[in-house]
Amino acid sequence: MEYFVKSGHSSKQRAACVIVGIFSRRKPSASANEIDTASAGVISSVMRRGDMDGDIGQTLMLHALPNIFADRVLLVGCGRERDFDETAFRKANAAAARALQATGSIDAVSFLTEIEVKGRDPQWKIKQALLTTTDRFYRFDRCKGDSAVPKTIKLERLTFNVERRSDLPAGEAGLREGLAISQGVAFAKDLGNLPGNICTPTYLADQARELGRRNSKVRVKILEQAEMEKLGMGALLSVSKGSRQPPKFIIMEYQGGKKEDKPVVLVGKGLTFDAGGISIKPAAKMDEMKYDMCGGASTLAALQVVADLDLPINVVGVVPASENLPDGAANKPGDIVKSMAGITIEVLNTDAEGRLILCDALTYVERNYDPEVVIDMATLTGACVVALGPHASGLFSNTSALARKLLAAGDEIGDRAWELPLWEDYQDMLRSPFADVANVGGRDAGAITAACFLHRFTRKMRWAHLDIAGSAWISGGMNKGSTGRPVPLLAQFLLNHAARHGND
Ligand code: BES
Ligand code: MN
Ligand code: ZN
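Given the structure is predicted, the values throughout are model-derived calculations rather than measurements. (Residues numbered from 1 in each chain as written. Chains lettered and ligands numbered in written order. Predicted model: local features only at pLDDT ≥ 70, side-chain atom pairs only at ≥ 80, totals over all residues. Heavy atoms only, no water.)

K.L.:
So what's going on with the packing of helix α4 (residues 122-137) against helix α5 (residues 168-193)? Residues and values would help.
P.N.:
In contact at an axis separation of 7 Å, α4 and α5 are set at 30° when each is read in the N-to-C sense. Between α4 and α5, the interaxial angle falls into the category roughly parallel. For the element pair α4 and α5, the recorded crossing hand is right-handed. Here P122, Q123, I126, K127, L130, L131, T134 and D135 of α4 lie close against α5, whose contacting residues are A170, G171, A173, G174, L175, E177, G178, L179, I181, S182 and K189. When the residues that make up the contact of α4 with α5 are grouped by side-chain class, the tally is 9 nonpolar, 6 polar and 4 charged. (Axes fitted to C-alpha atoms, helices over the stretch in contact; angles between N-to-C directions. Helix = DSSP H or I, 4+ residues; strand = E, 2+ residues; numbered from the N terminus. Parallel < 35°, antiparallel > 145°, perpendicular 65-115°, else oblique. Left-handed = near helix turned anticlockwise from the far one by under 90°. Contact = heavy atoms within 4.5 Å. Nonpolar A, V, L, I, M, F, W, Y, C, P; charged D, E, K, R; others polar.)

K.L.:
Explain the coordination of the manganese ion (ligand 2) to me, and be specific about the residues and the numbers.
P.N.:
With distances of 2.0 to 2.2 Å, the protein atoms coordinating the manganese ion (ligand 2) are D274 (OD), D351 (O), D351 (OD) and E353 (OE). Coordination of the manganese ion (ligand 2) draws on donor residues from a single chain, spaced D-x76-D-x1-E in sequence. Here the manganese ion (ligand 2) and the zinc ion (ligand 3) are spaced 3.1 Å apart, with D274 acting as a shared donor. With relative accessibility at 21%, the residue D351 sits in the partly exposed group. (Donors = N, O, S within 2.8 Å, 3.2 Å for Na, K, Ca; no water. Buried < 20%, exposed > 50% of the residue type's maximum accessible area, 1.4 Å probe, protein only.)

K.L.:
Run through the side chain of S482, naming residues and quoting values.
P.N.:
Relative to the helices and strands, S482 is located in strand β21 (residues 481-482). With a relative accessible area of 8%, S482 lands in the buried category. In contact with S482, other than residues within four places in its own chain, are A188, K189, G192, N193, Y291, C294, A472 and W473.

K.L.:
Give me the lowdown on the packing of aromatic side chains, citing residues and values where you can.
P.N.:
A complete count under the given rule lists 8 aromatic pairs for this structure. What links up through ring pairs into an aromatic cluster is the set F23, F84, F89 and W124. The ring of F69 has R14 lying over it, and the distance from NZ or CZ to the ring centre is 4.0 Å. If you follow R214 out to its NZ or CZ, it ends over the ring of F187, 5.9 Å from the centre. (Phe/Tyr/Trp six-rings, centres within 6.5 Å; stacked < 30°, edge-to-face > 60°. Lys NZ or Arg CZ within 6 Å of the ring centre and 35° of its normal.)

K.L.:
Explain the pattern of salt bridges to me, and be specific about the residues and the numbers.
P.N.:
This structure, assessed with the given rule, holds 27 salt bridges. For the salt bridge of D351 with K281, the shortest nitrogen-to-oxygen distance reads 2.8 Å. Residue D351 is found in the loop between β14 (344-347) and α10 (354-368), and its partner K281 is found in the loop between β11 (270-274) and α9 (294-308); the two are separated by 70 residues along the sequence. The partner of D415 in a salt bridge is R485, with the nearest N and O atoms 2.6 Å apart. Separated by 70 residues along the polypeptide, D415 in the loop between α12 (400-413) and β17 (417-419) and R485 in the loop between β21 and α14 (487-501) bring together distant segments of the chain. R485 matches D415 in its accessibility class, with the two residues each being buried. A single salt-bridge network, built from bridges that share partners, covers D107, E156 and R157. (Salt bridge = Lys/Arg side-chain N within 4 Å of Asp/Glu carboxyl O.)

Read these as geometric descriptors, not functional statements.
Structural data, given as structure tokens:
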């Protein structure tokens, strides 16, 4: 599939499909009006018959309009014109993609990107249109057998139209950013959707090495178990003890800035399957714990995006990768392990393993880099799903300026986070009679106590934690699948960071 930006007239497109918006109460957008006039009122008469009112997300395909070169005209409901905001823009573009997918069109030109969205420029609109469209077009069927009917999309070329020729450079910039981000999102989705027997810690490490081979500015290093032992990563290693798959500690360094520029460091939970260990999880939906590496996947993907966009900054990605399974050698409730930081941890629940692998990764980062900021991503707690559901990632930070930037990046690109407190008051819930800290803090405030646990290892750094347990995948049914979040949020944050700090 190829994407383009162009500035032209809706009535003059020689394409298999032209896409135009209709507002509520049968009000045509400018480009719909132009087709209506050229075709002597076909759109008006269709609307009079009551087949298209312009409600948000509604679609209607028209064929063979008189005096129109395009084979089809797709009408897309945009809702009330004065309510046409970011959400409506995304919904209309998603609806268009869904309708387009169901046709035999080989190429299409969308005029939805011409419609005014308050406060948003053509660059934003093209980028968003691309992200929503590619999100719809994504398929994961590489694990289906040869006899499975391939749900291929016939579309080969999709062009987004901008109103003025002077909007073209901005549109092109949006296209470039949107393409890189959507490829990152697809990469993260693929890694997430792959089953645990394929996507093991070794597989993740191989994918990182591949990424390094593809990009000359990305250096990849994998620490093996023996090296982790030497470094004293007792918390991480205690989790992998119960698994037959060797743990991997993935390090990716992207240097796009000056050597002395402090890096943005990303740390992602790469738990390739979480059965809970001896504190084993119930059977229902346990398959979804293959998604417990989505933080790690988004770290690989974010580095890919940064490299593809050639951003003039330094970024480091670190992914502690392991499985969490029950076994004779596995962690047992009550076991006390020593982290790389020297802090001892009483493992009261072996299912709270994410924080165990992350704490050593965070200490590694503190000792080996001088980060500008550190951001970790983890499918860390069921409690975060209860608190925020699928819409927002949970955000925690010890630096309010960093939290603000992450929230703003998420708002801008439509991959939102919501801040929860990291107050010291919660630290008491993690006290242990036998060790420096317990790995669980009881039922209440589970997402917060998990973040507070991590904070004990990040006090010396400007740090933020994203709990993506609710946002990283869609749960249950035939809709099940990775969302690729928070790759867009991270990408936007890094783009903004490059715009502020980049040196070219
Ligand atoms: N990976 C899970 C968190 C999770 C659970 C994400 C369900 C999405 C859906 C994590 O390792 C875990 O098991 N957390 C426990 C922590 C508890 C034992 C304190 C949880 O949330 O139940
Ligand atoms: Mn767990
Ligand atoms: Zn987990």
